[in-house]
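Tertiary structure, described
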Amino acid sequence: MLTLSWRDERSTMTPVRGLRVARGHARVRDRDQDYTWFFRAEFQAVVRTAYLVLHDRQRAEDIAQDAFTQLLIHWGKVSRFDRPDAWVRRVAIRAAVRHLRRERMRDALERQTETEPVIERARDVDLMGAIATLPPQQRAAIALFYLEDRPTQEVADIIGCSTSTAKVHLFKARKTLAQMLGEEMLDVS
Amino acid sequence: MSLDRKLRDGLDRATTPVDPDVERHLHQSLRRGHRGIRLRRAATTVPAAVAIVAAVAFGPRVLDVIGDRGTPAERPTPSVVPTSPLVGNYTTTLPERPGTIAETGMAGRWDLRLEPNGVVLLSAPPGFPGTVSAVSYEAEGSRFRINAFANDLCSTQSIGTYRWAREGSSVNFTPIEDPCAVRMALLTTRPWRLRG
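These numbers were taken from a predicted model, which means no experiment stands behind them.

Conventions used here
- Residues numbered from 1 in each chain as written.
- Chains lettered and ligands numbered in written order.
- Predicted model: local features only at pLDDT ≥ 70, side-chain atom pairs only at ≥ 80, totals over all residues.
- Heavy atoms only, no water.
- Disulfide = S-S within 2.5 Å.
- Helix = DSSP H or I, 4+ residues; strand = E, 2+ residues; numbered from the N terminus.
- Salt bridge = Lys/Arg side-chain N within 4 Å of Asp/Glu carboxyl O.
- Buried < 20%, exposed > 50% of the residue type's maximum accessible area, 1.4 Å probe, protein only.
- Core = buried A, V, L, I, M, F, W, Y, C linked by side-chain atoms within 4.5 Å.
- Contact = heavy atoms within 4.5 Å.
- pLDDT = per-residue confidence, 0-100.
- Buried area = accessible area lost by both parts, 1.4 Å probe.
- Polar contact = N/O pair within 3.5 Å; in protein donor to acceptor, adjacent residues only side chain to side chain.
- Expected span 1.5 Å × (residues − 1).
- Arc of directions from axis to C-beta.
- Pairing = 2+ DSSP bridges.
- Axes fitted to C-alpha atoms, helices over the stretch in contact; angles between N-to-C directions.
- Parallel < 35°, antiparallel > 145°, perpendicular 65-115°, else oblique.
- Nonpolar A, V, L, I, M, F, W, Y, C, P; charged D, E, K, R; others polar.
- Phe/Tyr/Trp six-rings, centres within 6.5 Å; stacked < 30°, edge-to-face > 60°.

**Some details on the state of the cysteines**
Residues and elements named next belong to chain B. With the rule as written, the count across this model stands at one disulfide over all chains. Across the disulfide from Cys154 sits Cys180; the S-S distance is 2.0 Å. Judged by the sign of its S-S torsion, about -50°, the cystine formed by Cys154 and Cys180 is left-handed. A residue pair is termed long-range when its members are at least 10 positions apart, and Cys154 in the loop between strand 5 (143-146) and strand 6 (160-167) and Cys180 in the loop between strand 7 (170-177) and helix 4 (181-188) qualify at 26 residues.

As structure tokens, this is what we get:
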């Protein structure tokens, strides 16, 4: 809102400056409103996807929050993309995959023999336990394909690989899961 | 029930209890994001302001000095970037050996490119899962400092210092100080052969 104080009336320049400031504030307000709407619509889904990759609820929330913070910083550019939701997932999933690899590397360096992943209590312990044995990118592919119902092209775009590589990730993950869960594998393509 | 149905239903059930406090995270993200935006603006405006102030303060003096020395054509052209004698492309092959190399999947061919501006381009064997980007180096005399793997494997011991020596077409690195075993294994296991 533009208001002129008694000082504004003394100079012809000050109202112009005031108008610019007011427009700047309006832009920031609009940006924050759009961002808030987007955040409320997408945050929970991103946390759940990150959780399937990490199997650690707290870490999933932290990583999702970091991704959404980056989104706000780059909102001017990303909000003009066709799929800002894919952008924020890409940032979150890549951070989650990096985190998992770092953890595994740290374990290897510390010569820890216990490589059993920590699985939080969930209703589908068997399924979660089976997913925990998959490599990070296969976990991400499974989460995006089955939990978020995204086509393989989008899965590839978010993970950062070609569509054929994403299909390979999905195929290998399904094969492992089918063996572990004692299920028959049907072709989903 | 098919595997696909089981996966869809199971994943849905498994993630339903994951119910983050969206409003709290929103508040924190807005606060951190606004701070990040301010920092980004400062990062672009402060150097520009410093450059303007420096130009105003020292510009006339610099022009005087240039005037005293004569026209640029009479002077030798200085090199813009100080080049190190180490600049070039190198390669080495780490053998499959128990210990750090085997544990971190480092065995195989590594390529190292040292650029004149201090940037290192590192290429790892396919089995190495660490991050090899954003590496830089500094060479002063026979001392060589590098921050390879500072993003993950050496994150708590970000910089290693080595002494380098050329031997024919190879370069050997000897550690002066590097607490990171992975970086030390990379640089010191085998000599680095100059390519091309």
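Continuing now.
**Things to note about the pattern of salt bridges**
Residues and elements named next belong to chain A. The final tally for this structure, using the stated rule, is 21 salt bridges over all chains. The salt bridge partner of Glu42 is Arg89, with a shortest N-O separation of 2.8 Å. You can see Glu42 sitting in helix 1 (residues 13-54) and its partner Arg89 sitting in helix 4 (residues 84-109), a full 47 residues away along the chain. We note that Glu42, like Arg89, is buried. Ionic contacts of the salt-bridge type, sharing partners, join the residues Glu42, Arg83, Asp85, Arg89, Glu148, Arg150 and Glu154 into one network.

**A word on the nonpolar core**
Grouped together as the largest cluster of nonpolar side chains are 62 residues, with contacts concentrated most on A:Tyr35, A:Phe68, A:Leu71, A:Val88, A:Ile142, A:Leu177 and B:Leu11. Per-element tally for this core: the top contributor is helix 1 of chain A, with eleven residues. The residues contacting A:Leu177, other than those within four sequence positions of it, are A:Ala130, A:Ile131, A:Leu134, A:Ile142, A:Gly182 and B:Leu7. Of all hydrophobic cores here, the second largest spans 30 residues; its members include B:Leu94, B:Leu122, B:Cys154 and B:Val182.

**Overview of the confidence of the model for chain A**
Of the residues in chain A, 76% have a pLDDT of 70 or more, and the chain-wide mean is 80. Across residues 118-123 of chain A, where pLDDT falls below 50, the model places twelve contacts with residues more than four positions away in sequence or in other chains.

**Observations concerning the interface of chain B and chain A**
Contacts between the two partners involve 41 residues from chain B and, on the opposite side, 47 residues from chain A. For the pair chain B and chain A, the summed buried area comes to about 4,200 Å², and 63% of that belongs to carbon and sulfur atoms. Linking chain B with chain A are five salt bridges. Among the salt bridges present, the one from A:Arg40 reaches B:Glu23, with a minimum N-O distance of 2.8 Å. Linking chain B with chain A are 15 residue pairs in polar contact (both at pLDDT 80 or more). Of all elements in the fold, only helix 1 (3-15) and helix 2 (22-69) of chain B reach the threshold of two or more residues within the side of chain B that touches chain A.

**A closer look at unusual backbone geometry**
Residue and element names in this part refer to chain A. The phi dihedral of His55 is positive, around 60°, even though this residue is not glycine. Given a relative accessible area of 3%, His55 falls into the buried group. A positive phi angle is found at Asp149, which is not glycine, with a value near 60°. Mapping Asp149 onto the fold places it in the loop between helix 6 (136-147) and helix 7 (152-159).

**Digging into the confidence of the model for chain B**
Residues and elements named next belong to chain B. With 86% of its residues at a pLDDT of 70 or more, chain B has an overall mean of 81. Ignoring residues within four places in sequence, the model shows residues 70-82, a span with pLDDT below 50, making seven contacts including any to other chains. Two summary scores accompany this predicted model of the complex, namely pTM at 0.54 and ipTM at 0.74.

**Some details on helix 1 of chain B**
Residue and element names in this part refer to chain B. The end-to-end C-alpha separation of helix 1 is 18 Å, in line with the 18 Å expected for 13 residues at 1.5 Å each. What helix 1 keeps buried is the set Leu3, Asp4, Leu7, Gly10, Leu11, Ala14 and Thr15. The buried residues of helix 1 occupy an angular sector of 135° when projected down its axis, which confines them to one face.

**Points about the pairing of strand 4 (residues 135-140) of chain B**
Residue and element names in this part refer to chain B. Where strand 3 (residues 119-123) and strand 4 come together, two bridges link them in antiparallel fashion. Bridging across to strand 4, Val119 finds its partner in Ser136. Hairpin connection of strand 4 to strand 5: two residues between the antiparallel strands, including Gly141 at a positive phi of 65°.

**What to know about the packing of helix 6 of chain A against helix 1 of chain B**
At a minimum axis separation of 9 Å, helix 6 of chain A and helix 1 of chain B run at an interaxial angle of 95°. The orientation of helix 6 of chain A relative to helix 1 of chain B falls into the category roughly perpendicular. Here A:Ile142, A:Phe145, A:Tyr146 and A:Leu147 of helix 6 of chain A lie close against helix 1 of chain B, whose contacting residues are B:Asp4, B:Leu7, B:Arg8, B:Leu11, B:Asp12 and B:Thr15. Of the residues belonging to the contact of helix 6 of chain A with helix 1 of chain B, the class tally is six nonpolar, one polar and three charged.

**Some details on the sheet that holds strand 7 of chain B**
The eight strands are arranged 1-2-3-4-5-6-7-8 (chain B) in a closed barrel whose pairing can be described as antiparallel. Each strand of the sheet is rotated relative to its neighbour by a mean of 35°, with strand direction disregarded.

**Quick notes on the packing of aromatic side chains**
Inspection of every chain in the model, using the stated rule, returns twelve aromatic pairs over all chains. Look at B:Trp110 and B:Phe149: their rings are 6.2 Å apart centre to centre, the planes differ by 75°, and that puts the pair in the edge-to-face class. Placement of the pair is B:Trp110 in strand 2 (residues 108-114) and B:Phe149 in the loop between strand 5 and strand 6, with a sequence separation of 39 residues. A relative accessible area of 0% means that B:Trp110 is categorised as buried. Judged by its relative accessible area of 1%, B:Phe149 falls in the buried class. One aromatic cluster is present, built from ring pairs that chain together A:Tyr35, A:Phe38, A:Phe39, A:Phe43, A:Phe68 and A:Trp75.

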